[in-house]
Each structure stands twice: as structure tokens, then as C-alpha cells.
Amino acid sequence: YYSQFGPSNNPASSGGIKSILNNIYSEVSTETGIVGSVIFVSFCAYITLLYRKGLRALPQKIMLAGIFGVFVAWLAYPTFSILFQWVFFALAVRLFLETQDTI
């Protein structure tokens, strides 16, 4: 819980439901601090920088649009533990790295 009171002790509590932020960037910064935020921003920057090094064919443009779509969606997304997002990032990285091998 993000408070020190349990559901039975805090009258303003919502009955045991854990309140979370609806912004992943705020969630990462509050839960992991400066070090975690730097690592998270570095990961996001690495993903986008891969595009600049690779080919700019249609599949890469579609993946880049999807990546930016996820980054925007995270502004109003409750949590980033849903696995399909990480699978998408893995596919994007693989696609970008494959194009680097052919250059």
C-alpha cells in the first residue's frame, strides 16, 4: 500500500484496494527513485535510437509508430506489468537489430 494505514484503520480507505498512479512515468519515478528513473529513460531512449541506426522501411516505421503509441499510452495507463507490451518491445528491438545486420 502507498499509505501506512491498513484498510481497517483508515476510514478514507477504499476497502483494501491499492491505489496506484495512472501514469507509468510517475509510477516508476516514485517507486524506484532517481536510479530507476534513469534506467527506465535510458531503456526508452535506446529503443528509439535503434530506429535511427537501422533501415527506415515500412515495417520499421510501423514498429516506431507502435513504440511511440505505447509511450503516449503510458501517460494514462495504470501499470506497466502487462506482458504484451514487453513482447512488443522485444519484437521491435529484434526487427531493428535484424536490419542493422543487413547494412
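Residues numbered from 1 in each chain as written. Predicted model: local features only at pLDDT ≥ 70, side-chain atom pairs only at ≥ 80, totals over all residues. Heavy atoms only, no water.

K.L.:
A description of the overall build of the chain should follow, citing residues and the corresponding values.
P.N.:
A count of helices and strands for the chain gives 3 helices and 0 strands. Each helix (α) and strand (β) of the chain, taken in turn from the N terminus, gives the series α-α-α. When contacts within the chain are restricted to residue pairs at least 6 apart in sequence, those whose partners lie at least 24 apart make up 60%. (Helix = DSSP H or I, 4+ residues; strand = E, 2+ residues; numbered from the N terminus. Contact = heavy atoms within 4.5 Å.)

K.L.:
Residue-level account of helix H1 (residues 24-53), with values.
P.N.:
Because each turn of an α-helix spans 3.6 residues, side chains separated by three or four positions in sequence point in the same direction. Here H1 spans only 27 Å end to end across 30 residues, well under the 44 Å set by a 1.5 Å rise per residue. Among the residues of H1, Ile24, Glu27, Val28, Gly36, Ser37, Phe40, Cys44, Ile47, Thr48, Leu50 and Tyr51 are the ones counted as buried. Looking at where H1 begins, the residue whose side-chain oxygen comes 2.9 Å from the main-chain nitrogen of Tyr25 is Asn23. (Expected span 1.5 Å × (residues − 1). Buried < 20%, exposed > 50% of the residue type's maximum accessible area, 1.4 Å probe, protein only. Polar contact = N/O pair within 3.5 Å; in protein donor to acceptor, adjacent residues only side chain to side chain.)

K.L.:
Give me the confidence of the model for the chain: which residues, what numbers.
P.N.:
Chain-level statistics for the chain give a pLDDT mean of 75 and a share of 72% at 70 or above. Model confidence for the chain, summarised as mean pLDDT per element, is weakest for helix H3 (residues 83-102) at 74 and strongest for H1 at 86. (pLDDT = per-residue confidence, 0-100.)

K.L.:
Tell me about the side chain of Thr48, and please be specific about residues and values.
P.N.:
The topology assignment puts Thr48 in helix H1. Among the polar contacts made by the side chain of Thr48, one reaches the main-chain carbonyl oxygen of Ala45 at a distance of 2.9 Å. Not counting residues up to four positions away in its chain, the partners in contact with Thr48 are Ile67, Phe68 and Phe71.

K.L.:
Help me get a handle on the packing of aromatic side chains, residues and values and all.
P.N.:
Counted according to the given criterion, the structure contains 5 aromatic pairs. Taking the centre distance of 5.8 Å and the plane angle of 50 degrees together, the rings of Phe71 and Trp74 count as tilted. Residue class for Phe71 comes out buried when judged on its relative accessible area of 12%. For Trp74, a relative accessible area of 0% corresponds to the buried category. Clustering of aromatic rings is evident, with ring pairs tying together Tyr25, Phe40, Phe68, Phe71 and Trp74. (Phe/Tyr/Trp six-rings, centres within 6.5 Å; stacked < 30°, edge-to-face > 60°.)

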